Amino acid sequence: MSISTKPYKNSDSSKKEQVSKMFDTISHEYDNLNRVISFGIDVQWRKKMVKMANAMQPKKILDIATGTGDLAILLATTKAEKIIGLDISAGMLEVGKQKVAQKGLSPQIELVLGDSESIPYEDNTFDVITVSFGIRNFEDLEKGLYEILRVLKPGGLFLILETSVPEKFPFKQGYHFYTGTIMPLIGKLFSKDKVAYQYLADSASIFPYGERLNNILSKVGFINVKHAPQTMGVATIYSASKK
């Protein structure tokens, strides 16, 4: 299952190649602009994920689409022996490696260039796997989810944090105005890549959320699939497990 929108609509390259190029371009501005666009609320959502992960007392964690390593760094508080952050953007990983080193977390956190649809680890490797604001960038959603299921240990926990669309008035209307108008405008004014934040808004608007994503997770083979909308539904945390 592919989410059809791509960053550069006039390019014939694959979504994966385009997403990698886009994040390489905006890597050094991403953290600051992301805080502005989300009003910093995304940090609180990630902390909720960390609390859920911590309940598993994990030894090995995989953070997919780790970007600049924000969630991987927060996950260090779980005392996991090893946290691996995987991403297809070398530029984002470079920024992340600097952050990890500055916090003295290099022995615990390893940031790796890799593809979520071909995860370079053996079956049943990780106690917890996380993805925050990255799953909608998968070129083939189901293929990526099958890979995640493969490397997750039986009984392990899979957590997703992703944008969603509020269902109730006036939050729904406000969300569409903000993501459709304000967010791309901020990107055009302050980003090196003028289409990046338009893509991030477009991809959020068409990505399956709530019960639709639950059904996809169940179809792939995850069990105990649940979702919890955050902040009037502008984002959702999903949890699932493996038999």
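The numbering scheme is per chain: residues are counted from 1 as the chain's sequence reads. Reporting of local features is limited, given that this is a predicted model, to residues whose pLDDT is at least 70; pairs of side-chain atoms are given and counted only at 80 or more, and all residues count toward the totals for whole chains, interfaces and linings. For side-chain calculations, the full set of non-hydrogen atoms in the structure is used, while hydrogens and water are omitted.

In this section: the sheet that holds strand S2 (residues 82-87). On the basis of which strands lie adjacent, the open sheet formed by seven strands has the order S3-S2-S1-S4-S5-S7-S6 and mixed pairing. Pairing within the sheet leaves two strands with one partner each, and these edge strands are strand S3 (109-113) and strand S6 (223-230). Across the sheet, the axes of successive neighbouring strands diverge by a mean angle of 15°, strand direction being ignored. Any two strands are treated as partners once DSSP identifies two or more bridges connecting them. Numbering of helices and strands starts at the N terminus; helices are DSSP runs of H or I of at least 4 residues and strands are runs of E of at least 2. Of the pairings in the sheet, the one linking S2 to S3 comprises five bridges and is parallel in character. Looking at the pairing, Gly-85 lines up with Leu-111 of S3. Together, strand S1 (60-64), strand S4 (126-132) and strand S5 (152-163) form the strand contacts of helix H5 (residues 141-151), whose direction differs from that of S5 by roughly 145°. It only takes one pair of heavy atoms within 4.5 Å for two residues to be counted as in contact. Note on geometry: axes are lines fitted to C-alpha atoms, helical ones only across the stretch in contact, with angles between N-to-C directions running from 0 to 180 degrees. Strands S5, S6 and strand S7 (235-241) of the sheet are contacted by helix H8 (residues 211-220), whose axis makes an angle of about 160° with S6.

Ranked by internal contacts, the top residues of the largest apolar core, which has 29 residues, are Leu-62, Ile-129, Ile-135, Leu-145, Ile-148, Phe-158 and Phe-222. Those elements giving two or more residues to this core turn out to be S1, S2, S4, H5, S5, H8 and S7. Broken down by element, this core gets its largest block of residues, five residues, from H5. If near-sequence neighbours (up to four positions away) are discounted, Leu-62 is found in contact with Ile-84, Leu-86, Ile-119, Phe-126, Val-128, Ile-129, Thr-130 and Val-151. Residues belong to a common nonpolar core when they are buried Ala, Val, Leu, Ile, Met, Phe, Trp, Tyr or Cys residues joined through side-chain atoms within 4.5 Å. Relative accessibility thresholds used throughout: buried, under 20% of the residue-type maximum; exposed, over 50%; partly exposed, between the two (1.4 Å probe, protein chains only).

Glancing now at the packing of aromatic side chains. Between 30 and 60 degrees the pair is tilted, below 30 it is stacked and above 60 it is edge-to-face, where a pair is any two Phe, Tyr or Trp rings, Trp via its six-membered ring, whose centres lie within 6.5 Å. This model, assessed by the stated rule, comprises five aromatic pairs. Considering the side-chain rings of Phe-39 and Tyr-178, the 5.8 Å spacing of their centres and the 35° angle between planes classify their relative orientation as tilted. With Phe-39 in the loop between helix H1 (15-38) and helix H2 (41-54) and Tyr-178 in helix H6 (residues 171-190), this pair connects stretches of sequence that are 139 residues apart. Residue classification places Phe-39 among the exposed positions, given a relative accessible area of 62%. With a centroid separation of 5.4 Å and an interplanar angle of 85°, the aromatic rings of Tyr-121 and Phe-126 are classed as edge-to-face.

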